[in-house]
Amino acid sequence: TPSGAAAAGAPDAAVSRAALDGVLRMAELDPEACRAALPDVIRSLSWLVGDDETEAHRSSLAILARLLTPAAAANGKGDDKSEDEAFHKGACAAAEAALSPTLRDPEAEWEAHAAAVHGVTAVLEVNKKVGAWLLRQESIFWSLAEVAELEDEGLQRSLAEIYAHAAADVSLFKDKEGEEPIRHLRAFLRSPRPKVRARACVALAKVCLLHHDHRARIDPTGKLLAATRGLLEAKVPPHVHRWAVEALMYLTLMPDLKEHLAETGARFGSLVAVAHSASKDPSLHHALVSALGALCAPREKSDEQKRLEQEMDEAQIEQMRQLAAGGAGGAAPSERKDDPAVLTKLAATLVEDDAVLVLAELVAAAASRPGGSGASTLHTAARVLLSMATTPEARGKIVAQGGFKALLTCALCEHEPTATSAAWALAKVGISINPVAYPRRPGSGPESMVKPLLRLVDGAEHELQQFEACLALCNLATHPELQQRILTCGGWRTLTMSLACENELVQRAALEAMSNLTTADEVAAKFAEPGSTEAKIFVGFCGSDDPKAQLAASGADDPPPPEAATPLSHPPSGQPSSAHPPVGAIATLAGDPEIGSALLGAGALEPLVNIALLSDDPPLLHRAAVGLANLFNNNADAILGPAAPTDQSELPGPALTAVGALITLSSSPVEPAKAAAVGALVQLRKTRPDVPMPPAEVVQAVVANIRAEHAARVAEAEAAAAAREAEVPAP
């Protein structure tokens, strides 16, 4: 056997390697034949494991994995529990026969004892069920501790790894029985060897999580956290990073530790080294994405847990959990809920520490795996990126470090929760980033955001998702190419349908996006149709009581030039808003005679006049002035009637009010509104000299009357609201 050659000190490594290859080939071709001598195989291979960087160690683990895995499980078939139990019973007996005599024998040679310790570690790695059974043999577990005081890196590494596996067993660390292993592990935490420290970090973190009685003694926020963070930032082999990440995963399941990280502003340093390791070692991926998810993403609840929370209170659920584990104290107490503010702060810290680079690497690797085997990684990565995108200041770095492309990959996932989380994160990013600031790569440019955002608007789980998706579309619609992409994907219909939402914020955000789309020829044509529904919708919102809805429906401002495009900052209030104000809608559409006629037919004149006379908001006054000016310049006959051969004695009522609004705006302190109104009046005198300008006192009387009627309506509405409130009984 290869171990025999190694134990005899064979000078020719090629002989040992050839023997090992032969055993591996036999295990692959006829595992049952090898299992007939399983105790001898385990005993022999235990001499070759211990140094996970050697080829002999990896080959030995491959052999043990093949022989200690049931045939049905190895082939991905069958679910016979009785057959599985029989196999594990035989595997436990073989492992005990191979390793127990040496571990229990006080007269055994030290080299043999060390090999047996490495053998236990190897069995634990390939079959945790068999390894856990070995550790439950008390005399074996305590005999392993004899190597703790030695300065042998391989043995210390194996012992720390064994403790990490043993931490899952309540009996081995219960009360005072955990004191000696914890003492050993704390000593290993000071080791100068990264491989030993990394395994000690996992073991201690696992003990803290599962055995609350030992948490205060270990103090996870002290040296344990510092050692874990140091290993994450260090340039160490990928397998050391894997252990450090696993330690972080256990630590981040404790809310107290997350609060400590948030309060102290602790940083993980640059995670570029971890990203590099992740690109080399796929086994690192699951623990890494799980650790990041536990650190900053809200915990997901299963359907069963949601059902229980509807039927019982938290105390009853905890009692049932303890009973299921064998009675009171059978399971560790449940951790308390995470504070959302803490998770958001930690997510922002991770962005600063280059964690987006890590996530981009994980998503790229998961997406390339066949058969959807990377679905779990994509789901967790999407949730982490969603948590990161909650902080507006982090969104630019998310795009710059590959998070945008990772989100697009997740948004195309067939798993609906993953796609929804990614689309929502894209919406948050889309609110703050100028459309021309995205990376322009085939298949991963801003045009790829459109379909996920429209799906989110159409099938959102709650109104906040719709609101933010509409704001992102509003931002994208300021760019001509993206505007056309939105329309091609059916965006106009989706946004129109969302106007039926009862939430005014969602309505307004959808209206802003539609306003920016009105500059497209195909949308403008919809407004020119006789009895246009679009014209009626916009006129209706222009006449609403919500100034922001009026602002969105009236439109008028021009989009920023491409050369001025930069990532956009978030409003100081923290409330999302569209990156640019609406650029189309009534004010600008009225510049087309045909559309202006349709708008007049839908009653656009009255809301514009009311804005001009009742509003004191400068942007609204500007829009009203531009809209009225365009209507008078292009459709004066429709407002004033056909031109008369002689001067008219007086104007009809609606025309008088409209002209009066222009005259009022011509003295407005808002310069853009004043300029538009003055220009319209000058043009009106040139094109319709037959129209008399009403005297100033008449205009003042009309304005005063309209304002008085508006004040009366407001007072009446407030009185009705107060009456309804008085009728509602106090809770």
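Quick caveat, the model's predicted, so the values are computed rather than measured.

**Notes on the overall build of the chain**
Then, in step 1: For the chain, the helix and strand inventory stands at 42 helices and zero strands.
Then, in step 2: The buried share among the 731 residues of the chain stands at 50%.
Then, in step 3: Considering only contacts in the chain between residues 6 or more positions apart, those separated by 24 or more positions represent 73%.
Then, in step 4: Taken as a whole, the chain presents about 33400 Å² of accessible surface, with 54% of it coming from carbon and sulfur.

**Some points on the nonpolar core**
Then, in step 1: In this structure, Met-388, Leu-599 and Leu-640 are the most contacted members of the largest nonpolar core, which totals 218 residues.
Then, in step 2: When residues in this core are grouped by element, the largest group, twelve residues, is from helix α39 (residues 618-640).

**Considering the side chain of Asn-127**
Then, in step 1: Within the secondary structure, Asn-127 is located in the loop between α8 (110-126) and α9 (128-135).
Then, in step 2: Side-chain polar atoms of Asn-127 contact the backbone nitrogen of Lys-129, separated by 3.1 Å.
Then, in step 3: At a separation of 3.1 Å, a polar atom in the side chain of Asn-127 contacts the main-chain amide nitrogen of Val-130.
Then, in step 4: Setting aside residues up to four positions removed in sequence, Asn-127 forms contacts with Leu-68 and His-88.

**A word on the packing of aromatic side chains**
Centre distance and the angle of the planes are the two values used to describe a pair of aromatic rings.
Then, in step 1: Counted by the stated rule, this structure contains three aromatic pairs.
Then, in step 2: Judged by centre distance (6.4 Å) and plane angle (70°), the ring pair of Trp-492 and Phe-527 falls under edge-to-face. Here Trp-492 is found in helix α31 (residues 491-498), whereas its partner Phe-527 is found in helix α33 (residues 521-528), with 35 residues between them in sequence.
Then, in step 3: Classification of Phe-527 as buried rests on a relative accessible area of 1%.
Then, in step 4: Following the ring pairs from residue to residue traces out a cluster consisting of Trp-492, Phe-527 and Phe-538.

**Let's talk about the packing of helix α27 (residues 416-432) against helix α28 (residues 450-459)**
For any two helices packed against each other, the geometry is given by the interaxial angle and the distance between the axes.
Then, in step 1: Packing of α27 against α28 leaves a shortest axis separation of 9 Å and a crossing angle of 105°. Considered as vectors, α27 and α28 are oriented roughly perpendicular to each other. Note on element contacts: α28 touches α27 through Pro-452, Leu-453 and Leu-456, opposite Thr-420, Ala-423, Trp-424, Leu-426 and Ala-427.
Then, in step 2: Partitioned by chemical class, the residues of the contact of α27 with α28 number seven nonpolar, one polar and no charged.

**Considering the confidence of the model for the chain**
Then, in step 1: Of all residues in the chain, 85% have pLDDT values of 70 or greater, and the mean over the chain is 81.
Then, in step 2: Considering each helix and strand of the chain separately, the mean pLDDT is smallest for helix α1 (residues 2-7), with a value of 47, and largest for α27, with 94.
Then, in step 3: Below pLDDT 50 for its whole length, residues 5-11 participates in three contacts with residues either more than four positions away or in separate chains.
Then, in step 4: Contacts of residues 556-583 to residues separated by more than four positions or lying in other chains number 64 contacts, the stretch itself having pLDDT below 50.

**Looking at the packing of helix α16 (residues 238-251) against helix α18 (residues 272-280)**
Then, in step 1: Where α16 contacts α18, the two axes come as close as 9 Å, and the packing angle between them is 115°. As far as their axial angle goes, α18 and α16 are roughly perpendicular. In terms of crossing hand, the pair formed by α16 and α18 is left-handed. Only Ala-273, Val-274, Ser-277 and Lys-280 of α18 make contact with α16, whose side of the interface consists of Pro-238, His-241 and Val-245.
Then, in step 2: Class assignment for the residues of the contact of α16 with α18 results in four nonpolar, two polar and one charged.

So, how was this worked out
- Along each chain, residues carry numbers from 1 onward, in the same order as the chain's sequence is written.
- Since the coordinates come from a predicted model, pLDDT governs what is reported: local features require at least 70, and pairs of side-chain atoms require 80 or more to be given and counted, while whole-chain, interface and lining totals use all residues.
- Working from all heavy atoms in the structure, the side-chain values ignore hydrogens and water.
- In this text, helices come from DSSP runs of H or I with a minimum length of four residues, and strands from runs of E with a minimum of two, each type numbered from the N-terminal end.
- Here the term buried applies to any residue with accessible area under 20% of the maximum for its type, exposed to any over 50%, and partly exposed to those in between, with areas from a 1.4 Å probe on protein chains only.
- Contact between two residues is taken to exist if any of their heavy atoms lie within 4.5 Å; hydrogens are not considered.
- Each accessible area value is a Shrake-Rupley result obtained with a 1.4 Å probe; residue values ignore everything except the protein chains displayed when judging cover.
- Only buried Ala, Val, Leu, Ile, Met, Phe, Trp, Tyr and Cys residues count toward a nonpolar core, and they belong to the same one when joined by side-chain atoms within 4.5 Å.
- Any N or O atom pair separated by 3.5 Å or less is treated as a polar contact, with the protein-specific requirement of one donor-capable and one acceptor-capable atom, and with residues adjacent in sequence counted only for side-chain atom pairs.
- In this scheme Phe, Tyr and Trp rings, the latter by its six-membered ring, pair at centre separations within 6.5 Å, and the angle between planes marks the pair as stacked below 30 degrees, edge-to-face above 60, and tilted otherwise.
- Orientation is described by axes fitted as lines to C-alpha atoms, over the contacting stretch for helices, and by angles from 0 to 180 degrees between their N-to-C directions.
- Throughout this description, any angle smaller than 35 degrees is read as roughly parallel, any larger than 145 degrees as roughly antiparallel, any in the 65 to 115 degree range as roughly perpendicular, and the remainder as oblique.
- For this scheme, ten residues count as nonpolar: Ala, Val, Leu, Ile, Met, Phe, Trp, Tyr, Cys and Pro. Four count as charged, namely Asp, Glu, Lys and Arg, and the remainder, Gly too, count as polar.
- pLDDT expresses, on a scale from 0 to 100, how confident the predictor is about each individual residue.
- Each crossing gets its hand from how the near helix is turned against the far one by less than a right angle, where anticlockwise is left-handed and clockwise is right-handed.

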